[in-house]
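Chain residues, written in single-letter form:
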Amino acid sequence: MGIVSWLVLGLIAGVIAKVLLPGRDPGGLVGTTLIGIAGSFIGGWLSTKFLDRPIPKDFGEPSMWIASIAGALVLLIGYRLLFGNSRDR
């Protein structure tokens, strides 16, 4: 996968994570993309470390999408636990 594929995957995974956990988080498109990309790396690492699965090379691999979305959800939950809903203040 190339850089553009990682960016697209990160953007989509971040958007799906924010749809699954609605709230007023700061960041917009750039924040969503960064959460999704970092979530993809975390999800991939967790799946290889604990589930003994190789990192898929194909963009359409369902396990890669699930791991990416799960990783983005973990990051979003962690962000909210650490910083709360910053727009409420």
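Everything quoted here is computed from the prediction, not taken from an experiment.

### Observations concerning the confidence of the model for the chain
Fine structural detail should not be taken from predicted coordinates in areas where pLDDT scores are low.
Here's step 1: For the chain, the mean per-residue pLDDT works out to 76, and 80% of the residues sit at or above 70.
Here's step 2: Per-element confidence in the chain ranges from a low mean pLDDT of 77 for helix H2 (residues 28-50) to a high of 82 for helix H3 (residues 62-83).

### Comments concerning the packing of helix H1 (residues 3-20) against H3
Here's step 1: Viewed as axis vectors pointing N to C, H1 and H3 meet at an angle of 55°, and their least axial separation amounts to 8 Å. Taken together, the axes of H1 and H3 are oblique relative to one another. When you trace H1 past H3, the crossing you get is right-handed. Here H1 contributes Leu9, Ile12, Ala13, Gly14, Ile16, Ala17, Lys18 and Leu20 to the contact with H3, which in turn contributes Met64, Trp65, Ser68, Ile69, Ala72, Leu73 and Leu76.
Here's step 2: Along the lines of polarity and charge, the residues of the contact of H1 with H3 split into twelve nonpolar, two polar and one charged.

### Structural notes on H3
Here's step 1: With 22 residues, H3 should cover 32 Å at 1.5 Å per step; its first-to-last C-alpha distance of 31 Å lies within 8% of that length.
Here's step 2: Listing the buried residues of H3 in full gives Met64, Trp65, Ala67, Ser68, Ile69, Gly71, Ala72 and Leu76.

### Quick word on the environment of alanine 67
Here's step 1: Mapped onto the elements of the fold, alanine 67 is located in helix H3.
Here's step 2: Along the sequence, alanine 67 and serine 40 sit 27 residues apart, while their C-alpha atoms lie 6.6 Å from each other.
Here's step 3: With residues near it in sequence (within four places) discarded, alanine 67 still touches Gly39, Gly43, Gly44 and Ser47.

### Comments concerning a nonpolar patch on the surface
Here's step 1: A contiguous nonpolar surface patch, about 400 Å² in accessible area, is contributed by Val4, Val8, Ile12, Ile16 and Leu20.
Here's step 2: As for its position among the elements, isoleucine 16 is in helix H1.

### What to know about the side chain of serine 68
Here's step 1: Relative to the assigned elements, serine 68 resides in helix H3.
Here's step 2: Looking at serine 68, the relative accessible area reads 1%, which means it is buried.
Here's step 3: Sequence-distant contacts of serine 68, defined by excluding residues within four places in its chain, comprise Leu9, Ala13, Gly39 and Ser40.

So, how was this worked out
Residues numbered from 1 in each chain as written. Predicted model: local features only at pLDDT ≥ 70, side-chain atom pairs only at ≥ 80, totals over all residues. Heavy atoms only, no water. pLDDT = per-residue confidence, 0-100. Helix = DSSP H or I, 4+ residues; strand = E, 2+ residues; numbered from the N terminus. Axes fitted to C-alpha atoms, helices over the stretch in contact; angles between N-to-C directions. Parallel < 35°, antiparallel > 145°, perpendicular 65-115°, else oblique. Left-handed = near helix turned anticlockwise from the far one by under 90°. Contact = heavy atoms within 4.5 Å. Nonpolar A, V, L, I, M, F, W, Y, C, P; charged D, E, K, R; others polar. Expected span 1.5 Å × (residues − 1). Buried < 20%, exposed > 50% of the residue type's maximum accessible area, 1.4 Å probe, protein only. Patch = residues over 30% accessible without salt bridge, like charges linked within 9 Å, V, L, I, M, F, W, Y side chains within 5 Å. Areas by Shrake-Rupley, 256 points an atom, 1.4 Å probe, with all protein chains shown as cover. Salt bridge = Lys/Arg side-chain N within 4 Å of Asp/Glu carboxyl O.

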